[in-house]
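Results of the structural survey
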Amino acid sequence: MVPMLAPSILSADFARLAQEVSAVERAGADLLHVDVMDGRFVPNITVGIPVVESLRQVTELPLDVHLMIVEPERYIPAFVKAGADWVSFHFEAAVHHHRIVEQIKELGAKAGIVINPSTPVDFLVEILPFLDFVLVMSVNPGFGGQKFIPTSLGKIRRLRELAVELNPSLVIEVDGGVKLSNVEDVLKAGADVVVAGSAVFKGNPAENVAAFKEKLNRFGER
């Protein structure tokens, strides 16, 4: 598959959110990444269900909703009803992972689990066959604009090895510090989807998406 780009609205100008979303959609973005933070699981508060509802009205892109919240199972139905197409929750924020994955799928969305930089990939062995995707955090979650943690590349490679064995259709997504200067390393390690926030929305979003897509398309042609 050709790798996909998911611009993260965390770095967008919220005073012009509809225009910025439209710009990245026209430029060729594949997904729209929505970071939901509750101020408890991570030290920040961002957006909630009303913003997802509003985004659904202004874009046809799949909404990739990343729940950085405790007790995600309490809020997943509302996020899917609001328009979430992909829903991921943190391995570290939940206990009954299989139950939550089934909940997401029964609601009609793609189900993913997120792992923090210090969480070993092998912790996912038992749940991996049931997932549509895994989101590897390459920064500590909670804030945009952080530097990519280099050891994340080894985690991506290990996850790809496990996927080949346990779930060949698994999609690997990477979020945190991905830029034009390191995206090829992330793709070579095994990523299928790259999330980019400041690297897309700082400056000219449409031009930045086009530059990312050129690299992703070129990689997919190899």
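Residues numbered from 1 in each chain as written. Predicted model: local features only at pLDDT ≥ 70, side-chain atom pairs only at ≥ 80, totals over all residues. Heavy atoms only, no water.

The chain goes by Ribulose-phosphate 3-epimerase in an unreviewed UniProt entry, where it is assigned to Thermovibrio ammonificans. Recorded in UniProt for the chain, the comment headed Catalytic activity (unreviewed entry) runs: "D-ribulose 5-phosphate = D-xylulose 5-phosphate". As recorded by UniProt, the Sequence similarities (unreviewed entry) comment attached to the chain reads in full: "Belongs to the ribulose-phosphate 3-epimerase family." (UniProt positions renumbered as here; feature names shortened; annotations may be inferred.)

Considerations on the sheet that holds strand β2 (residues 32-37)
Reading across from one edge, β1-β8-β7-β6-β5-β4-β3-β2 is the order of the eight strands in this open sheet, with parallel pairing throughout. In this open sheet, the two strands that pair with only one neighbour each are β1 (4-7) and β2. On average, adjacent strands in this sheet sit at an angle of 25° to one another, irrespective of strand direction. Here five bridges tie strand β4 (residues 86-90) to strand β5 (residues 110-115), and the two strands are oriented parallel to one another. Looking across to β5, one finds that F89 is bridged to I113. Contacting β2 and β3 (63-68), helix α2 (residues 49-58) runs over the sheet at an angle of about 170° to β3. (Pairing = 2+ DSSP bridges. Helix = DSSP H or I, 4+ residues; strand = E, 2+ residues; numbered from the N terminus. Axes fitted to C-alpha atoms, helices over the stretch in contact; angles between N-to-C directions. Contact = heavy atoms within 4.5 Å.)

Some remarks on the pattern of salt bridges
All chains considered together, the criterion is met by ten salt bridges. The salt bridge involving D122 is made with R158; its shortest N-O contact spans 2.8 Å. Taken together, the residues span a long stretch of sequence, with D122 in the loop between β5 and β6 (133-137) and R158 in helix α5 (residues 152-166) at a distance of 36 residues. The partner of E161 in a salt bridge is R158, with the nearest N and O atoms 3.3 Å apart. Placement of both E161 and R158 in helix α5 is noted, with a separation of three residues, approximately one turn of the helix. Overlapping salt bridges, with partners in common, bring together E184, E214, K215 and R218 in one network. (Salt bridge = Lys/Arg side-chain N within 4 Å of Asp/Glu carboxyl O.)

Some details on the packing of aromatic side chains
All chains considered together, the criterion is met by two aromatic pairs. When the ring of W86 is compared with that of F133, the centres are 4.9 Å apart and the planes differ by 45°; the resulting orientation is tilted. Highlighted residues: W86 in strand β4 and F133 in strand β6, separated in sequence by 47 residues. When sorted by exposure, W86 lands in the same class as F133, which is buried. (Phe/Tyr/Trp six-rings, centres within 6.5 Å; stacked < 30°, edge-to-face > 60°. Buried < 20%, exposed > 50% of the residue type's maximum accessible area, 1.4 Å probe, protein only.)

Focus on the side chain of H33
Tracing the chain through its elements places H33 in strand β2. A residue is classified by how much of its surface remains accessible, and H33, at 0% relative accessible area, is buried. There is a polar contact of 2.7 Å between the side chain of H33 and the side chain of D64. Sequence-distant contacts of H33, that is, excluding residues within four places in its chain, are made with A6, P7, S8, I9, D64, H66, L135, E173, D175 and V195. (Polar contact = N/O pair within 3.5 Å; in protein donor to acceptor, adjacent residues only side chain to side chain.)

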